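One letter stands for each residue in the lines below.
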Amino acid sequence: MDERTKGRLTKDGIRIFDPEDFAGMRGAGALAARILDDIAPLVEPGQTTGAIDAAITKMVDDAGATSATIGYKGYQHASCISVNHVVCHGIPGDKRLKDGDILNVDVTVIVDGWYGDTSRMYVAGKLSRKAERLIQVTHDALFKGIEAVKPGNTFGDIGYAIQSFVEAERMGVVRDFCGHGLGRVFHAPPNVLHYGRPGTGATLEPGMFFTIEPMVNLGRPETKVLADEWTAVTRDKSLSAQFEHSVGVTEDGVELFTLSPGGKFHPTWG
Ligand code: MF3
Ligand code: CO
Ligand code: CO
């Protein structure tokens, strides 16, 4: 039998995992989070995003794990690294980081068949005041969403918590990309929107696993994808930030699978 199709689906097609499946997600989430901790010293002016990605490839390998992104729809790297006005899916390469650049590093690993997906923000050199504010608001927006995760709430409650918080800060929530269910696959129902109306969408139940990964722009929310067919940028060239956790719904709330073992998720350091 295919392990990936075990168990129950809700009427919205969302998989309900068993209590013992949380252990699998903890293992995968912990490795992804530890890798994001361990690359922190590499993020500095003059460094290339390709070198950071190469270090991530080696860390995944050394852990005896598998990268979920290498070979995914033709993607060839162990991370997405999205610098400044890149919203997401930035391709690591030989461009050097400059003082003041902000970047999201997004890593997904497979451990014992389970997927751990997390991203956070870094800065090369000195953080500007406006970038610091963007990063703080984006981080706090993710946690507004996480606070809405409990049985009986809906996915619309999560989106609403994020959108209302971000828009009160006069920033833009990206609509073109969303979080996703995951587990023994990378992307599964539902689409976890980072905007929405309270009480709408599927109802949260214990045993659901998904990501929340809001992208926030200092300017307008609109994005476009470059000719490489991956890199998404803000249409108005404004700075963009993102944080991502993989979470599970518990009987009374939420478990974060991708907490930083070193407490480094935020604020940015280095
Ligand atoms: N990790 C990303 C996410 O949060 C997906 C990256 S897919 C890739 O869903 F192919 F671009 F790596
Ligand atoms: Co994700
Ligand atoms: Co991700």
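Above this text is the structure in question.
Residues numbered from 1 in each chain as written. Chains lettered and ligands numbered in written order. Predicted model: local features only at pLDDT ≥ 70, side-chain atom pairs only at ≥ 80, totals over all residues. Heavy atoms only, no water.

Colleague: An account of the sheet that holds strand β15 (residues 240-242) is needed here, citing residue identities and associated values.
Modeller: Pairing within the open sheet is antiparallel, and its three strands lie in the order β8-β12-β15. Looking at which strands have only one partner, the edges of the open sheet turn out to be β8 (172-173) and β15. When β8 meets strand β12 (residues 215-217), the two strands line up antiparallel, connected through two bridges. Within β12, the residue paired with V173 across the bridge is V216. Along the sheet face, helix α3 (residues 129-147) touches β12 and β15 and points at about 35° away from the line of β15. (Pairing = 2+ DSSP bridges. Helix = DSSP H or I, 4+ residues; strand = E, 2+ residues; numbered from the N terminus. Contact = heavy atoms within 4.5 Å. Axes fitted to C-alpha atoms, helices over the stretch in contact; angles between N-to-C directions.)

Colleague: For the site of ligand 1, give the residues involved together with the corresponding values.
Modeller: The local shell around ligand 1 holds 14 residues, among which D106, H180, H187, E213 and E244 are the closest. Contact between ligand 1 and D106: a nitrogen atom at 3.1 Å from a side-chain N or O atom of the residue. The side chain of H187 places a nitrogen or oxygen atom 2.9 Å from an oxygen atom of ligand 1. Relative to its unbound accessible surface of 340 Å², ligand 1 loses 96% to contact with the protein. Class assignment for the residues of the shell around ligand 1 results in five nonpolar, five polar and four charged. (Near = heavy atom within 4 Å. Polar contact = N/O pair within 3.5 Å; in protein donor to acceptor, adjacent residues only side chain to side chain. Areas by Shrake-Rupley, 256 points an atom, 1.4 Å probe, with all protein chains shown as cover. Nonpolar A, V, L, I, M, F, W, Y, C, P; charged D, E, K, R; others polar.)

Colleague: Can you explain the coordination of the cobalt ion (ligand 2)? Please cite residues and give values.
Modeller: Bound to the cobalt ion (ligand 2) on the protein side are D117 (OD), H180 (NE2), E213 (OE) and E244 (OE), at distances that span 2.0 to 2.2 Å. Considering all six donor atoms around the cobalt ion (ligand 2), angles at the metal cover 51 to 162° and the coordination shape is irregular. When the donors of the cobalt ion (ligand 2) are listed by position in the chain, the intervening gaps give D-x62-H-x32-E-x30-E. In this model, the cobalt ion (ligand 2) sits 3.3 Å from the cobalt ion (ligand 3), the two metals being bridged by D117. (Donors = N, O, S within 2.8 Å, 3.2 Å for Na, K, Ca; no water. Tetrahedral: all angles 85-135°; square planar, octahedral: opposite > 155°, others 65-115°.)

Colleague: Could you give me a rundown of unusual backbone geometry, with the residues and numbers involved?
Modeller: Excluding glycine, residues mostly carry a negative phi; peptide bonds, for their part, are mostly trans. Looking along the chain, the bond that leaves P189 and enters P190 is cis, with omega of 5°. Topologically, P190 is positioned in strand β10 (residues 188-192). If you check the backbone angles, N84 has positive phi at about 55° while not being a glycine. Relative to the elements of secondary structure, N84 occurs in the loop between β4 (79-83) and β5 (86-88). Residue N84 is classed as buried on the basis of its relative accessible area of 18%. (Buried < 20%, exposed > 50% of the residue type's maximum accessible area, 1.4 Å probe, protein only.)

Colleague: How would you explain the pattern of salt bridges if you had to name every residue and give the values?
Modeller: Evaluation of the coordinates by the stated rule reveals 13 salt bridges. A salt bridge links R4 to D2; the shortest N-O distance between them is 3.2 Å. Several salt bridges converge on common partners, so that one network encompasses E3, K6 and R184. (Salt bridge = Lys/Arg side-chain N within 4 Å of Asp/Glu carboxyl O.)

Colleague: Explain helix α4 (residues 155-168) residue by residue, including any values.
Modeller: The end-to-end C-alpha separation of α4 is 20 Å, in line with the 20 Å expected for 14 residues at 1.5 Å each. Along α4, ten of the 14 residues are buried, which leaves the element largely enclosed by surrounding structure. For α4, every residue scored as buried is listed here: F155, G156, D157, I158, G159, A161, I162, Q163, F165 and V166. Where α4 is buried, its residues meet α3, β8, β10, β11 (209-212) and β12. (Expected span 1.5 Å × (residues − 1).)

Colleague: Please give an account of the packing of aromatic side chains that cites residues and values.
Modeller: Enumeration over the complete set of coordinates arrives at twelve aromatic pairs. Their ring planes at 75° and their centres at 4.9 Å tell us that Y75 and W230 sit as a pair that is edge-to-face. Here the residue Y75 occupies a position in the loop between β3 (66-67) and β4, and W230 occupies one in the loop between β13 (223-225) and β14 (232-234), the gap between them amounting to 155 residues. For W230, a relative accessible area of 21% translates into the label partly exposed. Taken together, the aromatic side chains of F17, F22, W114, F209 and F257 make up a single cluster linked through ring pairs. Against the face of Y195 rests R175, its NZ or CZ located 5.4 Å from the ring centre. (Phe/Tyr/Trp six-rings, centres within 6.5 Å; stacked < 30°, edge-to-face > 60°. Lys NZ or Arg CZ within 6 Å of the ring centre and 35° of its normal.)

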